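One letter stands for each residue in the lines below.
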Amino acid sequence: MVCVQREWGDFSGPLIGAYNLSTEEWKFGVYPLDTPTSQNTGGWVGLSDITYVEGTTFYILERDNQGLLDAAIKRIYSVNLADVLASSGSYPDITKTLVKDLVADDVVGAIGGLNFEKLEGMALTGQGLWIVNDNDGVDDNSGEIQLMNLGSL
């Protein structure tokens, strides 16, 4: 499974792709992005990661490109990709269900921080769902990396 970060070509949203190792075929669905809602005008919303949950269910990490007090969208959604996997030549629309709003739930408040711009990694383990930020390793960033366990969702 792969997720394309932003809109692709003429599609209304980014694509989620599934590759079948046996048939060597790709199948894609179109993911509906949230509308940017930051107090900072401009910006965009995109996908950062996809992780397996069970069966045909996956979690998607969706975020805006805003940090600190401007951050408005850092959310984990659940998607069932059964329609994508069953598709043949079409690009079905994907339905998403909110699992956790990381900004509204003040996830980084527990570590005494402000919202990161780039929450970009996610993994589900026996100890819960883990998320990690990307600090970009550039001069205008604190360089801080946080790996956070959200527990079971």
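Quick look at the structure, then. Owing to the predicted nature of the structure, the values given are computational and were not obtained by experimental measurement.

1. Section: the pattern of salt bridges
Part 1: Enumeration over the complete set of coordinates arrives at 7 salt bridges.
Part 2: The partner of Lys96 in a salt bridge is Glu62, and the shortest N-O contact between them spans 3.0 Å. Of this pair, Lys96 sits in strand S7 (residues 96-101) while Glu62 sits in strand S5 (residues 57-64), placing them 34 residues apart in sequence. Across this residue pair, the class does not change: Lys96 and Glu62 are buried.
Part 3: What emerges from the salt-bridge pattern is a single network uniting Asp34, Glu62, Arg75, Lys96 and Asp101.

2. Quick notes on the environment of Val79
Part 1: Checked against the element boundaries, Val79 lands in strand S6 (residues 74-80).
Part 2: The exposure class assigned to Val79 is buried, which follows from its relative accessible area of 1%.
Part 3: Between the C-alpha atom of Val79 and that of Ser12, which follows or precedes it by 67 residues, the distance is 17 Å.
Part 4: Those residues in contact with Val79 that sit more than four places away from it in its chain are Tyr31, Thr56, Thr57, Phe58, Ile60, Ile94, Thr95 and Lys96.

3. Here's the deal with the environment of Glu62
Part 1: A residue is classified by how much of its surface remains accessible, and Glu62, at 0% relative accessible area, is buried.
Part 2: Along the chain, Glu62 and Asp34 lie 28 residues apart, while their C-alpha atoms are 8.3 Å from each other.
Part 3: Residue contacts for Glu62: discarding those within four places in its chain leaves Tyr31, Pro32, Leu33, Asp34, Val45, Gly46, Leu47, Ile73, Lys74, Arg75, Tyr77 and Lys96.
Part 4: Side-chain polar atoms of Glu62 contact the backbone nitrogen of Asp34, separated by 2.6 Å.

4. Concerning the pairing of strand S3 (residues 25-30)
Part 1: Bridging between strand S2 (residues 15-20) and S3 involves 6 bridges; their strand directions are antiparallel. Opposite Asn20, over in S3, you have Glu25 as the bridge partner.
Part 2: Adjacent in sequence and paired antiparallel, S2 and S3 are bridged by 4 residues, among which Glu24 carries a positive phi angle near 55°.

5. So, the nonpolar core
Part 1: Ranked by size, the top nonpolar core spans 15 residues in total, and within it Ile16, Tyr31, Ile60, Val79, Leu81 and Ile94 carry the most contacts.
Part 2: Among the elements of the structure, strand S4 (45-54), S5 and S6 are those that each provide at least two residues to this core.
Part 3: The leading source of residues in this core is S4, at 3 residues.
Part 4: Ranked by size, the runner-up nonpolar core spans 13 residues in total, among them Val108, Met122, Leu129 and Ile131.

6. Comments concerning the packing of aromatic side chains
Part 1: Under the counting rule described, the total for this entry stands at 5 aromatic pairs.
Part 2: When the ring of Phe11 is compared with that of Tyr91, the centres are 4.7 Å apart and the planes differ by 40°; the resulting orientation is tilted. Remark: Tyr91 occurs in the loop between helix H1 (82-86) and S7 and Phe11 occurs in the loop between strand S1 (2-3) and S2; sequence separation between them is 80 residues.
Part 3: Residue classification places Phe11 among the partly exposed positions, given a relative accessible area of 27%.

What counts and what doesn't
- Residue numbers here run from 1 along each chain, matching the order of that chain's written sequence.
- Reporting of local features is limited, given that this is a predicted model, to residues whose pLDDT is at least 70; pairs of side-chain atoms are given and counted only at 80 or more, and all residues count toward the totals for whole chains, interfaces and linings.
- Working from all heavy atoms in the structure, the side-chain values ignore hydrogens and water.
- Note on definitions: salt bridges are taken to be side-chain nitrogens of Lys or Arg within 4 Å of carboxyl oxygens of Asp or Glu.
- A run of DSSP states H or I qualifies as a helix once it reaches four residues; a run of E qualifies as a strand once it reaches two. Both are numbered from the N-terminal end.
- Only protein chains enter the area calculation, which uses a 1.4 Å probe; residues under 20% of their type maximum are buried, those over 50% are exposed, and those in between are partly exposed.
- Should any heavy atoms of two residues lie within 4.5 Å, those residues are considered in contact.
- A 3.5 Å cut-off defines polar contacts: any pair of N or O atoms within that distance qualifies, except that in protein one atom must be a possible hydrogen donor and the other a possible acceptor, and neighbouring residues in sequence count only when both atoms are side-chain atoms.
- Strands are treated as partners if at least two bridges between them are detected by DSSP.
- For the purposes of this section, nonpolar cores are sets of buried Ala, Val, Leu, Ile, Met, Phe, Trp, Tyr and Cys residues that join through side-chain atoms within 4.5 Å.
- The rule is short: rings of Phe, Tyr and Trp, with Trp giving its six-membered ring, pair when the centres are within 6.5 Å, and they are stacked under 30 degrees, edge-to-face over 60, tilted in between.

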